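# Geometric and topological summary
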Amino acid sequence: MDFSDWRSEIDAIDGELMNLLKRRAEIVAEIGKRKAQKGIPVVDRERERQILRRIENDPHTVLSTEAAHCVFRCIIKESRRIQAAIIEQTVEVC
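Here the structure is a predicted model, which means the values were calculated and not measured.

## Concerning the pattern of salt bridges
As enumerated under the stated definition, the model contains 8 salt bridges in all. A salt bridge links Lys33 to Glu30, with the shortest nitrogen-to-oxygen separation between them at 3.1 Å. In this pair, Lys33 and Glu30 both sit in helix 1 (residues 3–38), 3 residues apart, roughly one turn of the helix. For Lys33, a relative accessible area of 38% corresponds to the partly exposed category. Exposure remark for Glu30: the relative accessible area of 35% places this residue in the partly exposed category. Arg45 is the salt-bridge partner of Glu48, the closest N and O atoms lying 3.8 Å from each other. With Glu48 and Arg45 both in helix 2 (residues 45–56) and 3 residues apart, the pair spans about one turn of that helix. Among the residues examined, Glu48 registers a relative accessible area of 13% and is labelled buried. Sharing partners across several salt bridges, the network here consists of Glu30, Lys33 and Arg34.

## Section: the packing of aromatic side chains
Tallied over the entire structure, the rule returns 1 aromatic pair. Measuring from ring centre to ring centre gives 5.8 Å for Phe3 and Trp6, while their planes differ by 80°; the resulting arrangement is edge-to-face. Of the two residues, Phe3 and Trp6 are both situated in helix 1; the distance of 3 residues between them amounts to about one turn of the helix.

## Details of the side chain of His69
Here His69 lies in helix 3 (residues 65–93). Residue classification places His69 among the buried positions, given a relative accessible area of 11%. Side-chain polar atoms of His69 contact the side chain of Glu56, separated by 2.8 Å. Dropping the residues within four chain positions of it, His69 is found in contact with Leu52, Ile55 and Glu56.

Each value, and the rule that gives it
- Here the residue numbers are simple positions, counted from 1 along each chain's written sequence.
- Side-chain atom pairs in this predicted model are given and counted only at pLDDT of 80 or more, local residue features only at pLDDT of at least 70, and totals for whole chains, interfaces and linings cover all residues.
- To obtain the side-chain values, all non-hydrogen atoms of the structure were used and water was disregarded.
- By definition here, a salt bridge exists when the distance from a side-chain nitrogen of Lys or Arg to a carboxyl oxygen of Asp or Glu is within 4 Å.
- Only runs of H or I of at least four residues qualify as helices and only runs of E of at least two qualify as strands under DSSP, and these elements are numbered from the N terminus.
- Exposure is judged per residue with a 1.4 Å probe applied to protein chains only, and the accessible area is read against the type maximum: over 50% gives exposed, under 20% gives buried, and values in between give partly exposed.
- For Phe, Tyr and Trp, where Trp contributes only its six-membered ring, two rings pair if their centres lie within 6.5 Å, and the inter-plane angle classes them as stacked under 30 degrees, edge-to-face over 60, or tilted in between.
- Think of a polar contact as two N or O atoms within 3.5 Å of one another; within protein, one of them needs to be a possible hydrogen donor and the other a possible acceptor, and neighboring residues in sequence only count if both atoms come from side chains.
- Here, two residues are considered to be in contact whenever any of their heavy atoms come within 4.5 Å of each other.

Structure representation (structure tokens):
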């Protein structure tokens, strides 16, 4: 294998990651709709702590705890943004 082969594999993996993030965002959006209907706040600190603990304890990770936390904090931040936008749209419609 040469660099171009490895880079092609990385590009394919990046595509898979983006598809998984898209699926995650779709689920987050559905949760945001339910939160809007029930008047539940976007931020759930306990759930966020659970996510971070779960990735810390993943025996298969090759990332440092700091790197894994950084990645998932970004994902959590974007999830909050998605849900906040949905809740804001719901409030505007009412």
